[in-house]
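Analysis of the macromolecular model
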Amino acid sequence: MKVESRKRQFILEGKIKSGFCEGCGQITKKVFVGEWIPSDKPKVDDLLAAKPPKKSKEAKGQHDDMLPSAENQYWIRCSVCNQVHLLKEWQIQIDRELSPEELNPCDCQVYSPHGIYAKGDALYHQALDEVGVVREKQATGSGAYVIIVEFCKSGRKQLLENVQVNSGKEKSSESLTDLIKLKLRR
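Right, let's walk through the structure included here.

1. Here we look at unusual backbone geometry
Positive phi is not limited to glycine here, since Asn82 has a value of about 60°. Overall, Asn82 belongs to the partly exposed group, its relative accessible area being 47%. Within the chain, Asp129 stands out as a residue other than glycine whose phi angle is a positive 50°. In this fold, Asp129 is placed in the loop between strand S7 (122-125) and strand S8 (130-139).

Shown next as structure tokens:
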């Protein structure tokens, strides 16, 4: 059984972002037409292809197991000029906008104020016992970052990100009298 990638599922569902079309020279909406499937028929008449090395009788039985896996390719049509292009999976941009309703806690990262998150990440907040999706990142005046997470029940909430933990032991090692002496010397 072949495991499908999440990107492949989005492409097959038609959730493709608009992109540049080489045919009409515009940024247009793309439509999924079909999946490209390589032919397993050998190319006997192709003069440009290199001749395959001769195989022994033992290698013939192994040939079926060692077929090279082709990269996923898809037929994508431009909605303006209707030209169809064959694109590799990595060339296609998809709409990955997740909704919090379709997430499971086991599929998400556990939220911690010490973590760093990207827009679109799925989070599980243990205190709220809820899953959410990071929608925005904003910098605060102090240089820290705040992420805005959309939760199912709670709605949008601002959460801290990349909070540094300062150990109090380093600062308390100097006594008050040492600090006063330092100030008087200056």
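The structure having been displayed, the exposition proceeds.
2. Quick word on the sheet that holds strand S6 (residues 109-110)
Pairing between the strands of a sheet is mediated by backbone hydrogen bonds and can be parallel or antiparallel. The strand order across the open sheet built from five strands is S6-S7-S8-S9-S10, with neighbouring strands paired in mixed fashion. With partners counted over all chains shown, the strands left at the sheet margins are S6 and strand S10 (155-161), one partner each. Where S8 meets strand S9 (residues 145-151), seven bridges bridge the pair, whose relative direction is antiparallel. Directly across from Lys137, in S9, lies its bridge partner Ile147.

3. A word on the side chain of Glu89
By the secondary structure assignment, Glu89 is in the loop between strand S5 (84-88) and S6. For the buried Glu89, no salt bridge is present, and the opposite-charge side chain at shortest range is Arg8, 5.4 Å distant. A distance of 3.1 Å separates the side chain of Glu89 from the side chain of Tyr74, its partner in a polar contact.

4. Some remarks on the nonpolar core
Within the largest apolar cluster, eight residues are counted, these being Tyr111, Tyr117, Leu123, Val134, Ile147, Val149, Phe151 and Leu159. Among the elements that line this core, the one with the most residues is S9, at three residues. Residues in contact with Phe151, not counting those within four places in the same chain, are Pro100, His125, Leu128, Glu130, Val131, Gly132, Lys157 and Leu159.

5. Some thoughts on the pattern of salt bridges
According to the stated counting rule, one finds five salt bridges in the structure shown. For the salt bridge of Lys15 with Glu13, the shortest nitrogen-to-oxygen distance reads 3.3 Å. Looking at Glu13, the relative accessible area reads 52%, which means it is exposed. With a shortest N-O distance of 3.3 Å, Lys137 and Glu161 are connected by a salt bridge. Separated by 24 residues along the polypeptide, Lys137 in strand S8 and Glu161 in strand S10 bring together distant segments of the chain. You can call Lys137 partly exposed: its relative accessible area is 38%.

6. Considering the pairing of S9
For S9, the buried fraction is high: five of the seven residues fall into the buried class. In sequence, S8 turns back onto S9 through a hairpin of five residues, with Gly143 there showing a positive phi of about 95°. Sheet analysis places S9 next to S10, joined by seven bridges and oriented antiparallel. Its bridge partner lying in S10, Ile147 is registered against Leu159. In textbook terms, the turn of a hairpin is the stretch between consecutive antiparallel strands, and for S9 and S10 this stretch comprises three residues.

7. A closer look at the state of the cysteines
Each disulfide is one covalent bond, formed between the sulfur atoms of two cysteines. Within the structure shown, the criterion is met by zero disulfides. Not engaged in a disulfide, the cysteine Cys21 finds its nearest cysteine sulfur in Cys81; these two sulfurs lie 3.7 Å apart.

8. Here we look at a nonpolar patch on the surface
A cluster of nonpolar residues, Val33, Trp75, Val84 and Leu86, forms a patch on the protein surface that exposes about 310 Å² of accessible area. Turning to its location among the elements, Leu86 is positioned in strand S5. Judged by its relative accessible area of 32%, Leu86 is partly exposed.

Reading the values: the criteria
- Residues numbered from 1 in each chain as written.
- Predicted model: local features only at pLDDT ≥ 70, side-chain atom pairs only at ≥ 80, totals over all residues.
- Heavy atoms only, no water.
- Buried < 20%, exposed > 50% of the residue type's maximum accessible area, 1.4 Å probe, protein only.
- Helix = DSSP H or I, 4+ residues; strand = E, 2+ residues; numbered from the N terminus.
- Pairing = 2+ DSSP bridges.
- Lys, Arg positive; Asp, Glu negative; His and termini not counted.
- Salt bridge = Lys/Arg side-chain N within 4 Å of Asp/Glu carboxyl O.
- Polar contact = N/O pair within 3.5 Å; in protein donor to acceptor, adjacent residues only side chain to side chain.
- Core = buried A, V, L, I, M, F, W, Y, C linked by side-chain atoms within 4.5 Å.
- Contact = heavy atoms within 4.5 Å.
- Disulfide = S-S within 2.5 Å.
- Patch = residues over 30% accessible without salt bridge, like charges linked within 9 Å, V, L, I, M, F, W, Y side chains within 5 Å.
- Areas by Shrake-Rupley, 256 points an atom, 1.4 Å probe, with all protein chains shown as cover.

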